[in-house]
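# An overview of the molecular structure
Listed here are the chains, written in short residue letters.
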Amino acid sequence: MITYTFHEYLPSIDKFSEGVLALLAAVLESSPAELTADLQYQQARQPLQVWLALADKQVVGCKLGYERKPGHYYSWLGACTLVSGDRVLLAS
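Below: a short report on this structure. (Residues numbered from 1 in each chain as written. Predicted model: local features only at pLDDT ≥ 70, side-chain atom pairs only at ≥ 80, totals over all residues. Heavy atoms only, no water.)

### Points about the overall build of the chain
In plain terms, the rule: In this text, helices come from DSSP runs of H or I with a minimum length of four residues, and strands from runs of E with a minimum of two, each type numbered from the N-terminal end. The rule is simple: take the accessible area with a 1.4 Å probe, protein chains only, and divide by the maximum for that residue type; under 20% is buried, over 50% is exposed, in between is partly exposed. In this analysis, two residues are considered to be in contact whenever any of their non-hydrogen atoms come within 4.5 Å of each other. Accessible surface area values rest on a Shrake-Rupley calculation with a 1.4 Å probe, where residue burial reflects the displayed protein chains alone.
For the chain, the count of helices and strands is two helices and five strands. Across the chain, helices and strands are ordered from the amino to the carboxyl terminus as β-α-α-β-β-β-β. Split into buried and exposed, the 92 residues of the chain put 29% on the buried side. When contacts within the chain are restricted to residue pairs at least 6 apart in sequence, those whose partners lie at least 24 apart make up 50%. For the chain, the computed accessible surface area is about 6,200 Å², with 54% contributed by carbon and sulfur atoms.

Structural data, given as structure tokens:
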């Protein structure tokens, strides 16, 4: 079963943010260090809001965005995994 959680800010380094970094690194073919720098930069400019999809307490999907102006949300970055049989599919 997949559950969804919403965070009004990017969580500090914990199991969920590590899961987000691992997922985004795999999908975007970037290093976790590079992604961390990008996320910290964006968080300093405008607080990131984060939706997480969790399966068995593991991050299997994420969507990051921020409010561009009152009432307007910018969907910035997202990724998900799909486990099908013995294959793991990644998408952004």
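Past the structure itself, the notes keep going.
### Brief notes about a nonpolar patch on the surface
Our working rule: Here, patches come from residues exposed beyond 30% relative accessible area and free of salt bridges, joined within 9 Å for like charges and within 5 Å for nonpolar side chains (Val, Leu, Ile, Met, Phe, Trp, Tyr). A carboxyl oxygen of Asp or Glu within 4 Å of a side-chain nitrogen of Lys or Arg is what we treat as a salt bridge.
On the surface, Ile2, Tyr4, Phe6, Trp51 and Tyr73 cluster together into a nonpolar patch covering about 550 Å² of accessible area. With respect to the secondary-structure elements, phenylalanine 6 resides in strand β1 (residues 2–7).

### Description of the packing of aromatic side chains
Cut-off, in case you're wondering: Two rings from Phe, Tyr or Trp (for Trp, the six-membered ring) form a pair when their centres are within 6.5 Å of each other. A pair whose planes differ by under 30 degrees is stacked, one over 60 is edge-to-face, and the rest are tilted.
In this structure the tally under the stated criterion is two aromatic pairs. For the pair phenylalanine 6 and tryptophan 51, a centre-to-centre distance of 5.0 Å together with 50 degrees between the ring planes defines the contact as tilted. Within this pair, whereas phenylalanine 6 is found in strand β1, its partner tryptophan 51 is found in strand β2 (residues 49–55), the two being separated by 45 residues in sequence. The exposure class of tryptophan 51 is partly exposed, given its relative accessible area of 42%.

### Topic: the nonpolar core
Inside soluble globular proteins, nonpolar side chains tend to come together where they are buried. The following threshold applies: Take the buried Ala, Val, Leu, Ile, Met, Phe, Trp, Tyr and Cys residues and link them wherever side-chain atoms come within 4.5 Å; each set so joined is a nonpolar core.
With 18 residues, the main nonpolar core has Val20, Leu24, Leu52, Cys62 and Leu64 as its most contacted residues. Broken down by secondary-structure element, the contributors of at least two residues to this core are α1 (15–28), α2 (32–45), β2, β3 (58–69) and β4 (72–84). The greatest single-element share of this core, amounting to six residues, is contributed by α1. Among residues more than four places away in sequence, those in contact with leucine 64 are Leu10, Val20, Leu39, Leu48, Gln49, Val50, Tyr73, Tyr74, Ser75, Trp76 and Leu77.

### Description of α2
Under the convention used in this document: A helix is expected to span 1.5 Å multiplied by its residue count minus one. Here, the arc refers to the directions that run from the helix axis to the C-beta atoms.
Across its 14 residues, α2 extends 20 Å between first and last C-alpha, which sits within 8% of the 20 Å expected from 1.5 Å per residue. Along α2, the positions that sit buried rather than exposed are Leu35, Leu39 and Gln42. Take α2 and look down its axis: the buried residues cluster within an arc of 65 degrees, on one side only. Residues of α2 that are exposed and point more than 90 degrees away from the buried face comprise Ala33, Gln40, Tyr41, Ala44 and Arg45.

### Side note on the pairing of β3
To be explicit about the condition: Between any two strands, pairing holds if DSSP finds at least two bridges.
The pairing of β2 with β3 spans seven bridges and is antiparallel. Paired with valine 50 across the strands is leucine 64, a residue of β3.

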